[in-house]
Amino acid sequence: MSEHTYHDRLDIRSEVATGDVIGLFKRSLSFLWPQRRLVGARVGLMVVIYALGLIVPWLLKIVVDHGVMQQPIQVGAEGLLFPRFMMPFLDFVAGMDPLTVTLYTLLFLGTMFLFVGYSGNTLLEANLAEGADVATRSENKISAGSSAAHGLVGLLDLCIAIRLSQRITDHVRRMTFWRLSRQSIPTLNLQRTGDALFRVLHDAPSIAGICHALTLSPLAMIISVGANLWVLAAVYGGVAPSLVWIGLSAVFLTLVATSPLAQWARRISQASRASGSATTNEIEEGLKNVAAVQSLGSTDRQRKQFAEASRESFRQSLLLVWVVYVVEWIAENVHLVFATAGFWVIFSGIVRGDLTLGDGPVVLRMYSLLYETSMQFGRIWIDQQDNAAAARRVFFAMDHDVEQEDRQHERSPTNRIEGDFSIRFERVGFLYADGRRALEDVSFEAQVGETIAIVGPSGAGKTTLAYMIPKFLQPTEGRVLLNDVDLATLDIKNVRANVAYVFQEHQLLTDTVATNLRVAKPDATLTEMRQACQLVGALEFVEEMPEGFESKIGRGGGTLSVGQKQRLSIARGLLSDAPILILDEPTAALDPANESLLLDTLTTSRARLNIVIAHRIRTIEQADRIVFLDQGRIVETGSPIELLAQKGSYFQRFVEVAET
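Now for a quick tour of the structure.

One finds Trp58, Ile168 and Ile207 to be the most contacted residues of the largest nonpolar core, which totals 57 residues. It is helix α11 (residues 205-236) that contributes the most residues to this core, 11 residues altogether. With near-sequence residues (within four places) excluded, Trp58 lies in contact with Leu81, Phe82, Pro83, Phe85, Met86, Val231, Val235, Tyr236, Val362 and Met366. Listed in part, the 43 residues of the second largest apolar core include Ala453, Cys533, Val542 and Ile617.

This is the structure:
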């Protein structure tokens, strides 16, 4: 897999060594602890299922030997090969005629089937129809569940198993989404939306699969094998032990034969998931930018890009299926060899007279359980390579460049800034990860009640500077201080509760106007929303909409004009009542009347610090002070009147160019 193939700019080192896989498994298992009650319930039901399942084959032996073959049963079952737990029933039917023995045995067997079915040799699953690709298979993993029993107990066990899978997956999904939403602005700008969707929706369920496969499944296997070996050894003495060695040899050979395929399976699974997420991304990007694509006549090119991504996804899915079937072919051939040896031991014992005809179904069932369990145990490692690839992608998303919050303040009330305050930049510099220099030696101070205009040519570092205040970015050199306290030492939640940032690109939800406004203040009243909209000239067009503040707007505000989206975004910023308001090009799409209304709102509020990134002269002229940036440095500061009076100043030349 290459970066070129799947256009991933973040997760480009996807190789996983065996030691890394073990670490992934350990981390995945940590999600079991919050669900320990469900795990405990499943363990208890497993014990019940396999304990009851031990009885079933012995009932079949009674039907064959003492019903069909009419061998008599004496009190104490002297001379008969039965385990101790069957003695109470044998004493109950002792002395009865063969037909009556058969009737009572079948009633007992029917009761067992009602509760557990043919326990241990059956599998009750929740899986729905699925394809071979990881996306459709992940839908089954969300509600994955199986039980070794049918009947009422099996149904209860299955429901608990499904609930356990759902809760683990829900936990992983919520954590992954939360971590993705806490990534830094530079990372979010690089993150592909389709890839993020794939990790949350289709990769996350694999962690529940790991939890089942590495804890409950092996435990069930151990219970099953241990119980059956105990019964075989207790009842059949020297005959059954050879079956044990045959089963253990099958486990060993299966592990040896399939282990070399583990790394290959991981690599193919990773490529399949990456190509699938690339296809999802092509869909998201294509629909998101459909207007631009249509306007530029690039529909055919976009269709070709999607077709190539889709073909690659199918190719990788086919390779993954091929690897899985290679593993299954090896395991089945191991089964063929050792099953033949096992059957020889069983039937030769019957021919010699060491075993009765009724012992056939008993030993066959127990051997079948032993072999199938052994084969499953031998395949656990290889089968979990696909889940390991998915878990790696999930944990990468969780860990990559996530903003860290101060846990001490996680449940504490938000600290609002009150009274006089200031923001001070001290020799601040910023270097992006790719080596680009955005800011260098920036120093200035802004006080509450001021309106500061950040001015300069494109690429001068204006937005980077503004991003420092809400901690979207943190300086690589120098400090940003709030009331003489370094922002780096303050909790992100508390900092951002005091800052309202209105982005140049309007970010609106596909929901009602009221919902969009309440992003800033969830408990905002209709009166408060009306006031905020009135301050920026948005109230009139909102009330003209069919349902007013409850009217729905299109995707990203698509049903509104650019100016309406801008006014609604600014109204949302004002509604937050944050003491620091940052506006990136707030008047770019406003007509003169609405621009004047906004500027009056900003300049008349003395309880707030307004920081405005602007190019329009009228907006800049209303500021108390200008900070002029050029190539990441502050080249001059002062009031608009002071800077215009300086002949040859940067701002004077800026105005001259703007007016031409």
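Once you've had a look at it, read on.
The next thing to look at is a nonpolar patch on the surface. A surface patch of nonpolar side chains, about 400 Å² in accessible area, is lined by Phe92, Leu103, Tyr104 and Leu107. The dominant element in the nonpolar patch, judged by the number of residues it contributes, is helix α6 (residues 98-116), at three residues. Within the secondary structure, Leu107 sits in helix α6. Residue Leu107 is classed as exposed on the basis of its relative accessible area, which comes to 51%.

Let us look at the sheet that holds strand β7 (residues 485-486). Read from one edge to the other, the open sheet built from four strands follows the order β4-β3-β6-β7, with strand pairing classed as antiparallel. The open sheet has two free edges, formed respectively by β4 (437-447) and β7, since each of these has just one partner strand. Relative to β7, strand β6 (residues 477-482) runs antiparallel, the two sharing two bridges. Its bridge partner being in β7, Leu482 is matched across the sheet by Val485.

Right, let's get into the packing of helix α8 (residues 151-181) against α11. Relative orientation of the contacting elements α8 and α11 amounts to 130 degrees, with a least axis distance of 8 Å. By the angle between their directions, the pair α8 and α11 is classed as oblique. Where α8 crosses over α11, the two elements pack in a sense that is right-handed. For the pair α8 and α11, contact is made by Ala161, Leu164, Ser165, Ile168, Thr169, Val172 and Arg173 and by Pro205, Ile207, Ala208, Cys211, His212 and Leu216, respectively. Looking at side-chain class alone, the contact of α8 with α11 contains nine nonpolar, three polar and one charged residues.

Now for the side chain of Arg625. Looking at the secondary structure, you find Arg625 in strand β11 (residues 625-630). By relative accessible area, which is 19% here, Arg625 ends up buried. Side-chain polar atoms of Arg625 contact the side chain of Glu450, separated by 3.0 Å. Excluding residues that lie within four positions of it along the chain, Arg625 makes contacts with Glu445, Ala446, Glu450, Thr451, Ile452, Ala453, Gly638 and Ser639.

Let's shift gears to the sheet that holds β11. Ordered in space as β8-β9-β10-β5-β11-β12, the six strands form an open sheet in which the pairing is mixed. Edge strands, defined here as strands with exactly one partner in the open sheet, are β8 (499-502) and β12 (633-638). Strand after strand, the sheet turns through a mean of 15 degrees between neighbouring axes, direction not considered. Relative to β12, β11 runs antiparallel, the two being bridged by five bridges. If you follow Val627 over to β12, its bridge partner there is Thr637. Along the sheet, helix α23 (residues 562-575) contacts β8 and β9 (580-584); its crossing angle with β8, the most-contacted strand, is approximately 180 degrees.

As a further point, take the pairing of β9. Here β9 lies mainly inside the structure; five of its five residues are buried. Residues of β9 alternate between two faces, with Ile580, Ile582 and Asp584 on one and Leu581 and Leu583 on the opposite face, all of them buried. In this structure, β8 lies alongside β9, joined through four bridges in parallel fashion. The residue of β9 that forms the bridge with Tyr501 is Ile582.

With that out of the way, let us pick up the environment of Val63. Looking at the secondary structure, you find Val63 in helix α4 (residues 56-68). Among the residues examined, Val63 registers a relative accessible area of 18% and is labelled buried. Note: C-alpha distance between Val63 and Thr105 (42 residues apart in sequence) is 6.9 Å. Leaving out residues up to four positions away in the same chain, Val63 has contacts with Val68, Thr105 and Leu106.

Let's shift gears to unusual backbone geometry. Backbone geometry at Asp441 places phi at a positive 55 degrees, although glycine is not the residue there. Considering the arrangement of structural elements, one finds Asp441 in strand β4. Using a relative accessible area of 32% as the deciding quantity, one classes Asp441 as partly exposed.

Take the packing of helix α3 (residues 36-53) against α8 next. With their axes 10 Å apart at the nearest point, α3 and α8 run at an angle of 155 degrees to one another. When the axes of α3 and α8 are compared, the pair comes out roughly antiparallel. As α3 packs across α8, the resulting crossing turns out to be left-handed. Every residue of α8 that contacts α3 at Leu38, Val39, Ala41, Arg42, Leu45 and Ile49 is listed here: Val153, Leu156, Asp157, Ile160, Ala161, Arg163, Leu164 and Arg167. Partitioning the contact of α3 with α8 into residue classes produces 10 nonpolar, no polar and four charged.

Below, the discussion takes up the pattern of salt bridges. Oppositely charged side chains are able to pair whenever their charged atoms sit close together. On inspection of all chains with the given rule, the structure shows 16 salt bridges. Between Asp484 and Arg424 there is a salt bridge; the shortest N-O distance is 2.7 Å. Of this pair, Asp484 sits in the loop between β6 and β7 while Arg424 sits in strand β3 (residues 422-431), and the two are 60 residues apart along the sequence. Looking at Asp484, the relative accessible area reads 55%, which means it is exposed. Residues Arg633 and Glu440 are paired through a salt bridge, measuring 3.2 Å at the closest nitrogen-oxygen approach. Pair noted here: Arg633 is in strand β12 and Glu440 is in strand β4, with a separation of 193 residues, a long-range link. By relative accessible area, Arg633 is classed as partly exposed at 37%. Salt bridges sharing partners connect three or more residues here, namely Arg424, Glu426, Arg479 and Asp484.

Cut-offs used in this document
Residues numbered from 1 in each chain as written. Predicted model: local features only at pLDDT ≥ 70, side-chain atom pairs only at ≥ 80, totals over all residues. Heavy atoms only, no water. Core = buried A, V, L, I, M, F, W, Y, C linked by side-chain atoms within 4.5 Å. Buried < 20%, exposed > 50% of the residue type's maximum accessible area, 1.4 Å probe, protein only. Helix = DSSP H or I, 4+ residues; strand = E, 2+ residues; numbered from the N terminus. Contact = heavy atoms within 4.5 Å. Patch = residues over 30% accessible without salt bridge, like charges linked within 9 Å, V, L, I, M, F, W, Y side chains within 5 Å. Areas by Shrake-Rupley, 256 points an atom, 1.4 Å probe, with all protein chains shown as cover. Salt bridge = Lys/Arg side-chain N within 4 Å of Asp/Glu carboxyl O. Pairing = 2+ DSSP bridges. Axes fitted to C-alpha atoms, helices over the stretch in contact; angles between N-to-C directions. Parallel < 35°, antiparallel > 145°, perpendicular 65-115°, else oblique. Left-handed = near helix turned anticlockwise from the far one by under 90°. Nonpolar A, V, L, I, M, F, W, Y, C, P; charged D, E, K, R; others polar. Polar contact = N/O pair within 3.5 Å; in protein donor to acceptor, adjacent residues only side chain to side chain.

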